[in-house]
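# Examination of the molecular architecture
Chain by chain, the residues:
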Amino acid sequence: MAQAKRIGILTGGGDVPGLNAAIKAVVVRAHSCGIEVVGIRRGWMGLMYVNPDDPASIEKWTTSLTVEGVRTIDRTGGTILHTSRTNPGSVDLNDVPDFIAREHRIPAPSGKIDCTRHVMKVLDFLGINAIIPIGGDDTLSYACRLNAEGVQVVAIPKTMDNDVFGTDFCIGFSTAVTRSVDAINALRTTTGSHERICVVELFGRNSGETSLFAAYLADVDRAVISEVPFDMERLIRFLVEDRSRNPSNYAIMTISEGAHPIGGAATEEGRVDAFGHRKLGGIGYTVARDIKERAGINIIYQQLAYIMRSGAPDSLDRMVAVSYGSLALDQIAMGHTGRMVALQQACYTTVPLDLVIAAKKRVDVTALYDVENYRPKVRDMLGKPMFLY
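This one's a predicted model, so the numbers in the text were calculated from it and none came from an experiment.

Not every positive phi belongs to a glycine, and N162 is a case in point at roughly 60°. As for its position among the elements, N162 is in the loop between strand 7 (152-157) and helix 6 (173-193). Of note, the phi angle at D219 is positive, near 55°, even though the residue is not glycine. By secondary structure assignment, the location of D219 is in the loop between helix 7 (209-218) and strand 9 (222-224). By relative accessible area, D219 is classed as exposed at 62%.

Below is the structure:
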């Protein structure tokens, strides 16, 4: 592969703390290698909405990233490039920009429109030789598609759920757990004062890592995770017993938004997005309501939701974001492609990009969870890396 001289970078999916730190690291490293960096706004949407015949659209959807321009961006959370959940390979007909040529609108098996040919045309028009997408498994699944089409791609994994397959750690996970632990400990004062049972619902569609690790570090009474269906009667009985044993007469639990009772399904609402997902949330409310109805105990129900992904990154997310950004640029500078930067057994490495779509990453239930009692349980600490994976 020829060395790239002009690369693109984008952020897709939900924002997490650490994205700006990664962007800055890429730009700074690129400058030292003589590589120009183009920021693509709103994730994959930016490439789909660039009209090569309209200079205004290019200015709207792309931006030149310089060392001076990114000097202070790592001090804040979010992403200066903004984000979206757009999949150019699966677009509703009504959402396809009018200027995309008919020959670049390929009917997809899902009944939607595949605009990848247009995206390839835009990359060529912009002179972008390689791209660094920062995202979760949905965003990176489209990166796999572009890589298969011949685009040089080196991906950076981010998601506070920590569920990208192929890496032990994703940008955003540490801060999400930190925010959750802080909030849980703060909620103890109100829960204890009113002698209630508190149900804290955390983000986590298919992976229960945020619920598991927040519960482990905050030492809550019970934790329900996405991977293990729960028995409502047993859970309520446990919590009532936990409350009665507590000198302050309260109990507190965490639950993943993707959790579901035995025989039930995850709580979803709204329309399906570009990657086939509906909005999750509300299982914590169902549990809280049932506790009150069946046990007659007042409850506190708290969805932490976007609080988990807001604000500046903690030190660990900042460290990983900077390291991932530098490592990704180094790969491009060396002409490597089709890779994702990763952490495995606490060591930085790269893995084939298509690992992202090869499997789903889940909690190691056998090693880290007590299925019968709905609690974190680390069975063997010796030799484990910092985050126990």
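Read from one edge to the other, the open sheet built from seven strands follows the order 3-2-1-6-7-14-15, with strand pairing classed as mixed. Two strands in the sheet have a free side with no partner beyond their single neighbour: strand 3 (62-65) and strand 15 (347-352). Between one strand axis and the next, the sheet turns by 30° as a mean value, whatever way the strands run. Judged from the four bridges that link them, strand 2 (residues 36-40) and strand 3 form a sheet pairing that is antiparallel. Bridge pairing links V37 to L65 in strand 3. Against the sheet, helix 10 (residues 315-333) makes contact with strand 1 (6-11), strand 6 (130-135), strand 7, strand 14 (339-344) and strand 15, and its axis sits at roughly 50° relative to strand 15, the strand it touches most.

Since the α-helix packs 3.6 residues into each turn, any two residues three or four apart lie on the same face. Taking 1.5 Å per residue, 14 residues should reach 20 Å; helix 1 (residues 19-32) reaches 21 Å between its end C-alpha atoms and fits that length. Of all 14 residues that make up helix 1, 10 are buried, and the element is covered over most of its length. For helix 1, the complete set of buried residues consists of L19, N20, A21, A22, I23, K24, A25, V26, V27 and A30. On the buried face of helix 1, the contacting elements are strand 1, strand 2, strand 3, strand 6, strand 7 and helix 10. G34 sits one or two positions beyond helix 1 and adopts a positive phi of about 70°.

Rules and cut-offs
- Residues numbered from 1 in each chain as written.
- Predicted model: local features only at pLDDT ≥ 70, side-chain atom pairs only at ≥ 80, totals over all residues.
- Heavy atoms only, no water.
- Helix = DSSP H or I, 4+ residues; strand = E, 2+ residues; numbered from the N terminus.
- Buried < 20%, exposed > 50% of the residue type's maximum accessible area, 1.4 Å probe, protein only.
- Pairing = 2+ DSSP bridges.
- Axes fitted to C-alpha atoms, helices over the stretch in contact; angles between N-to-C directions.
- Contact = heavy atoms within 4.5 Å.
- Expected span 1.5 Å × (residues − 1).

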